[in-house]
Amino acid sequence: MESPPHKLNVGRDEDRISALTDDLLVGILERLDLREAVRASALSSRWRHLPYRLSRLHLEVGHFQGATPLEVMDAFTGAAQRLLSLVVPLAEGEGGSAAIIPIKALVLSFYMSPPHLSAIGRTVEDAVSYGKTEYLEFSISLPRGSNASLLAEFGQQFMSFSQAYPVAFWWLTRLTLKNLVFGHSDVTELINACNKLKHLTLSSCRLVDQRSALRIDTPCSGLRRLDCIRFRCERIELISVPELRTVLCCSRHYENPPVRFGDVPQLCHVNLGYLAKVSQAPFMLSECLSRSSRNLSKLNLNFFSQTVKLISVHLHITRSSILPISAVYFVFFMLQIWIQPEQPKRLTAIFRNLTDMYLFGIFPECDLSWTLFILEAAPALRNFKVWM
């Protein structure tokens, strides 16, 4: 129900905006950056209560100050607790009891700081308790200067955090994690615990054992987008992610094929880029993509102009066994594309709805005749672009 107009005797020189209803003023503030909204609320006592009526909040740890990361997180957590209080103070002169404003959209970007996680977890669970939250996002990273030897410990603390506050993670719709180390089954368990999760980003993370594969088997999840950016493991295996539509996978540490797609019937956009080793044999796309992916419409492959490998052999020619008198260098350039051409009919079922194909980072010496099998296998292709 719309709040009544604030009773002001608006003269020629008085503030006409402040005479608007709270609902209209809150609508204006929600279109501003949170810092600007808070500053605007400090203009007068009429506006002072308005930040507590915001139903859409974005708190970014980088906007807070402190001498140490702990002090920064103290400020961040205190602000979150104040702004997410469900009992909202009324403006001066208003009667009645305080209002309750449920949070509709909440974005929290914060450091992985164990002393503050319980306060954040409790605050978020209180905020979503009314069941009105439509969008909840966490973006969690490590403070600058974090000890690299403690990354695995930070990963364990994050998993404990997700298990200690299951209601908060059940409501998550987007999650971004940076520089964390995970156990073999942690990612699958995390996705299964986040019932509403649609978008997961793992940036500069890795498995405890980097020689093993990241296996994701979540047949009941609603995950629609997965971004793995510089995720260090042997390869990624998407065993069952039935609602997955978009996959971004970009790194330099994978074996061929870097991703294996299993049961992903809704998949429509794949963006794959990595630096292959010269010792790695090319792979066929049919070994990577799943025959269940009948909706694939956009495929991006990024070779990073990388498949030029310099190998040097240094030979010493000596007059005696002690002093070399000259040296000869043999330099070889080894060019390689990590896609192996194959019979188009093996890809026809997968590429039948493919409309956009983009190749990035192709080195100038590359003969593009190897791409003909893609053109033959994709009858609906409309856009085919190559960038050197």
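Structure: see above.
Notes on the structure in this doc start here. On a predicted model such as this, the values are computed, not experimentally measured, just so you know.

## Section: the side chain of Ser203
Here Ser203 is to be found in strand S8 (residues 199-203). Every residue in contact with Ser203, bar those within four places of it in the chain, is listed here: Leu177, Lys178, Asn179, Ile229 and Arg230.

## A few points about the pairing of strand S11 (residues 225-229)
In the sheet, S8 pairs with S11 via 5 bridges, with the strands oriented parallel. By the bridge assignment, Leu202 is partnered in S11 with Cys228. Pairing of S11 with strand S13 (residues 246-251), which is carried by 5 bridges, proceeds in the parallel orientation. Bridging across to S13, Leu226 finds its partner in Val247.

## Here's the deal with the nonpolar core
By size, the foremost hydrophobic cluster in this structure holds 95 residues, and its most contacted members are Phe138, Phe158, Phe182 and Phe351. Leave out the neighbours within four places in its chain, and Phe158 touches Met112, Ile140, Phe169, Leu175, Leu177, Leu180, Phe182 and Leu190.

## Brief notes about the sheet that holds strand S14 (residues 259-263)
As summarised here, the arrangement of the 3 strands in space is S10-S12-S14, forming an open sheet in which the pairing is parallel. Single-partner strands in this sheet number two, and they are strand S10 (214-217) and S14. Averaged over neighbouring strand pairs, the angle between their axes works out to 10° when direction is ignored. Direction of pairing for strand S12 (residues 236-240) relative to S14: parallel, over a ladder of 4 bridges. By the bridge assignment, Ser240 is partnered in S14 with Asp263.

## Regarding the packing of aromatic side chains
Each aromatic ring pair is characterised by the separation of its centres together with the angle its planes make. For the structure shown, the criterion picks out 16 aromatic pairs. Look at Phe138 and Phe161: their rings are 6.5 Å apart centre to centre, the planes differ by 20°, and that puts the pair in the stacked class. One end of the pair, Phe138, is in strand S5 (residues 135-141); the other, Phe161, is in helix H5 (residues 151-164), with 23 residues separating them in the sequence. Across the pair, Phe161 and Phe138 agree in class, each one buried. The lysine or arginine in question, Lys196, covers the ring of Trp171, its NZ or CZ lying 5.0 Å from the ring centre.

## Things to note about the packing of helix H3 (residues 69-83) against helix H4 (residues 114-127)
Where H3 contacts H4, the two axes come as close as 10 Å, and the packing angle between them is 15°. One element, H3, and the other, H4, form an angle in the roughly parallel class. Here H3 and H4 pass one another in a crossing that is left-handed. Residues Leu70, Met73, Asp74, Phe76, Thr77, Ala80 and Gln81 of H3 pack against Pro115, His116, Ala119, Ile120 and Thr123 of H4. Counted by class, the contact of H3 with H4 contains 7 nonpolar, 4 polar and 1 charged residues.

## With respect to the environment of Phe64
One can find Phe64 in the loop between strand S1 (56-60) and H3. Apart from residues lying up to four places away in sequence, Phe64 is in contact with Leu59, Val72, Ala75, Phe76 and Ala79.

About the criteria used
Residues numbered from 1 in each chain as written. Predicted model: local features only at pLDDT ≥ 70, side-chain atom pairs only at ≥ 80, totals over all residues. Heavy atoms only, no water. Helix = DSSP H or I, 4+ residues; strand = E, 2+ residues; numbered from the N terminus. Contact = heavy atoms within 4.5 Å. Pairing = 2+ DSSP bridges. Core = buried A, V, L, I, M, F, W, Y, C linked by side-chain atoms within 4.5 Å. Buried < 20%, exposed > 50% of the residue type's maximum accessible area, 1.4 Å probe, protein only. Axes fitted to C-alpha atoms, helices over the stretch in contact; angles between N-to-C directions. Phe/Tyr/Trp six-rings, centres within 6.5 Å; stacked < 30°, edge-to-face > 60°. Lys NZ or Arg CZ within 6 Å of the ring centre and 35° of its normal. Parallel < 35°, antiparallel > 145°, perpendicular 65-115°, else oblique. Left-handed = near helix turned anticlockwise from the far one by under 90°. Nonpolar A, V, L, I, M, F, W, Y, C, P; charged D, E, K, R; others polar.

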